[in-house]
Amino acid sequence: MICKLQSTGPLDLEHLFFSHWTTLPTVSNNSELPISFFTFSFSLLFTTKQPFMGDNREPLVDRTKFTRSISHAQDELHSFRTYLRWMCVDQSNIWTACLSWFLFIFLGLVVPAVSHFFLACSTCDARHARPYDWVVQLSLSSVATMSFVCLTGFVKKYGLRRFLFFDKLYDESETVRKGYTGQLNRSLKIVSIFVLPCFIAETAYKVWWYASGASQIPFLGIVWLSDTVACIMELWSWLYRTTVFFLVCVLFRLICNLQVLRLQDFAQVFQVDYDVGSVLSEHLRIRRHLRIISHRYRAFILWCLILVTGSQFTSLLITTKANSELNIYKAGELAMCSITLLTGLCILLRSATKITHKAQSVTCLASKWHVCATLDSFDANDGETPRTPAIHGGQAFPHVGTDGESDGEDAGDEEDDLDNNKLIPAYAYSTISYQKRQALVTYFENNRAGITIYGFTLDRSTLHTIFGIEFSLVLWLLGKTIGSL
């Protein structure tokens, strides 16, 4: 192994080289020499540290960290790679890339176009006419195209393991690693939870539409065979587009949950007597990862907001016209499309605001830590009677809420290690000076972390602003349509 030698010399290196070289198979062809030398170097790289000629050597590469940094067939992402392969989104080689793009063009663009231009059935009766089909097809295809391009770009540029931050888990605690792996295993179930109910409703609608209007719908050759193929193709197209869209949204939620786990683990540093420099270094690392997530997803979130807003306003405009007829047969598919798009957008916005809220809660926690330490130091210096019970044997302060209620009251599910009403125990700041604590709190106050979109932080106030703008546009649009009647 490449080692740090405490005492090196020409004889030590020569002996180390030839002692390993003699264990390699003899080569008879000079062309195999580079392979043998690579094998020698690789074997040296992963040799565990062992004493040699009385020297103590420390490995330059930690085997545990290196193992968690590389990908292999049976790692944590095995099931996720299989899922991507079955969805034909895997582009690990030229053949799977061609298949992925072909399937996207066919199911995401060709089938919706054929369905609208050839199966719109403008001559059908009132129950089988589809006047809002162009909005549905255009909306689903646009968000699916955006999601597919972003997903393939992410995986191709960063790799799946790096994109999901699995290469950084070796620096995290066991709690964070297990929690994030569990979140990954549940993410595919979450996609199914969102997709399957709408798909079942879409299947029931399509089967009814083709079965009851078989004689009116344009067909080629045998009626039942043509309608069956068309129905299956439309269902596959709908399932493919919605699944790709939800998959990218759920992956963003998964990455944000990793940062939540890291922040909750980071909150533990205020419960022990920790070095301020180490706290600052860890917070800078978390801010850097949040900045990376924002940079990767900012275009997707912005375009998703624009496309979903445009789709909903178009739907509102065409359904509030004076001559429009609304019923479950005509507008049912449009309603399912709107539910799908709004659900995906809500996943994105909720995940972004959640991680931003958790990241900004660190400031409150640090301020509380600073206040508790300052009060405790003043009480100790002035000889006053402590206002809080003393801590013996590591016993924590009693939990008293902001409204004076006792610890037995239910505070809900919002409280955690970051955002709670517990006082900080004295042993968590016993050796840290006032100046260091004040400097750290000032840093947190002036360096708020979170998910940003081109400089705009996605927090709750931003959501209120978006809601106000959207509501104003809705009222303006309703004034132009319903108000003109």
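Because the structure is predicted, anything quoted here is derived from the model rather than measured.

The rules behind each value
Residues numbered from 1 in each chain as written. Predicted model: local features only at pLDDT ≥ 70, side-chain atom pairs only at ≥ 80, totals over all residues. Heavy atoms only, no water. Helix = DSSP H or I, 4+ residues; strand = E, 2+ residues; numbered from the N terminus. Contact = heavy atoms within 4.5 Å. Areas by Shrake-Rupley, 256 points an atom, 1.4 Å probe, with all protein chains shown as cover. Patch = residues over 30% accessible without salt bridge, like charges linked within 9 Å, V, L, I, M, F, W, Y side chains within 5 Å. Salt bridge = Lys/Arg side-chain N within 4 Å of Asp/Glu carboxyl O. Buried < 20%, exposed > 50% of the residue type's maximum accessible area, 1.4 Å probe, protein only. Axes fitted to C-alpha atoms, helices over the stretch in contact; angles between N-to-C directions. Parallel < 35°, antiparallel > 145°, perpendicular 65-115°, else oblique. Left-handed = near helix turned anticlockwise from the far one by under 90°. Nonpolar A, V, L, I, M, F, W, Y, C, P; charged D, E, K, R; others polar. Expected span 1.5 Å × (residues − 1). Bend = angle between axes of the 7 residues up to and from the residue. Core = buried A, V, L, I, M, F, W, Y, C linked by side-chain atoms within 4.5 Å. pLDDT = per-residue confidence, 0-100.

## Looking at the overall build of the protein chain
Alright, step 1. Assigned secondary structure in the protein chain consists of 13 helices and four strands.
Alright, step 2. Pairs at least 24 apart in sequence give 81% of the contacts found in the protein chain among residues at least 6 apart.
Alright, step 3. Of the roughly 26400 Å² of accessible surface on the protein chain, 63% is carried by carbon and sulfur atoms.

## Topic: a nonpolar patch on the surface
Alright, step 1. On the surface, L99, W101, F102, I105, F106, L109, V110, V114, F117, F118 and V149 cluster together into a nonpolar patch covering about 1000 Å² of accessible area.
Alright, step 2. Of the residues forming the nonpolar patch, the biggest block, 10 residues, is contributed by helix α5 (residues 94-119).
Alright, step 3. In this structure, V149 sits in helix α6 (residues 133-158).
Alright, step 4. The partly exposed category is assigned to V149, whose relative accessible area is 43%.

## With respect to the side chain of H289
Alright, step 1. By the element assignment, H289 lies in helix α10 (residues 276-319).
Alright, step 2. By relative accessible area, which is 3% here, H289 ends up buried.
Alright, step 3. The contact partners of H289, leaving out residues within four places of it in the chain, are F165, K168, Q259 and R262.

## A look at the packing of α10 against helix α13 (residues 460-481)
Alright, step 1. One can describe the packing of α10 onto α13 by two numbers: an axis separation of 10 Å at closest approach and a directional angle of 25 degrees. Considering their axes alone, α10 and α13 lie roughly parallel with respect to each other. In the packing of α10 onto α13, the handedness of the crossing is right-handed. Residue-level inspection shows L305, T309, F313, L316 and L317 of α10 in contact with α13, the latter providing I466, E470, L473, V474, L477, L478 and T481.
Alright, step 2. For the contact of α10 with α13, a count of residues per class yields nine nonpolar, two polar and one charged.

## Description of α10
Alright, step 1. Here α10 contains 44 residues, and its C-alpha end-to-end distance of 59 Å stays within 8% of the 64 Å for a straight helix at 1.5 Å per residue.
Alright, step 2. Largest kink in α10: about 50 degrees, centred on Y297.

## Thoughts on the nonpolar core
Alright, step 1. In this structure, L164, F270 and Y297 are the most contacted members of the largest nonpolar core, which totals 103 residues.
Alright, step 2. A total of 23 residues in this core trace back to one element, the largest contributor, which is helix α9 (residues 223-266).
Alright, step 3. Excluding anything up to four places from it in sequence, L164 contacts L77, F80, Y180, L184, L251, L254, I255 and L258.

## A closer look at α6
Alright, step 1. Along its 26 residues, α6 runs 37 Å from first to last C-alpha, staying within 8% of the 38 Å computed at 1.5 Å per residue.
Alright, step 2. Directly beyond the C-terminal end of α6, a positive phi value near 85 degrees is found at G159.

## Some details on the confidence of the model for the protein chain
As a general rule, the predicted coordinates of low-pLDDT regions are not to be interpreted in detail.
Alright, step 1. The predicted model of the protein chain has a mean per-residue pLDDT of 75, with 69% of residues at 70 or higher.
Alright, step 2. When mean pLDDT is compared element by element in the protein chain, α6 scores highest at 92, while helix α2 (residues 33-45) scores lowest at 39.
Alright, step 3. For the stretch residues 1-74, pLDDT sits under 50, and the model shows 72 contacts to residues farther than four places along the chain or on other chains.
Alright, step 4. Predicted confidence is poor over residues 384-408, with pLDDT under 50, and the contacts of this stretch with residues over four places away or in other chains come to 25 contacts.

## Thoughts on the packing of α6 against α9
Alright, step 1. Between α6 and α9, the least distance of the axes is 9 Å, while the angle of their chain directions is 50 degrees. Looking at the two axes, α6 sits oblique to α9. Between α6 and α9 lies a crossing whose hand is left-handed. Along the contact surface, α6 presents Q137, L140, S141, V143, A144, S147, F148 and L151, while α9 presents E234, W238, Y240, R241, T242, V244, F245, L247, V248 and L251.
Alright, step 2. Looking at the contact of α6 with α9 residue by residue, the classes come out as 12 nonpolar, four polar and two charged.

## Side note on the pattern of salt bridges
Alright, step 1. What the rule picks out here adds up to nine salt bridges.
Alright, step 2. Where E234 meets R130, a salt bridge forms, and the shortest distance between an N and an O atom there is 3.6 Å. Remark: R130 occurs in the loop between α5 and α6 and E234 occurs in helix α9; sequence separation between them is 104 residues. The same class applies to E234 and to R130, which are both buried.

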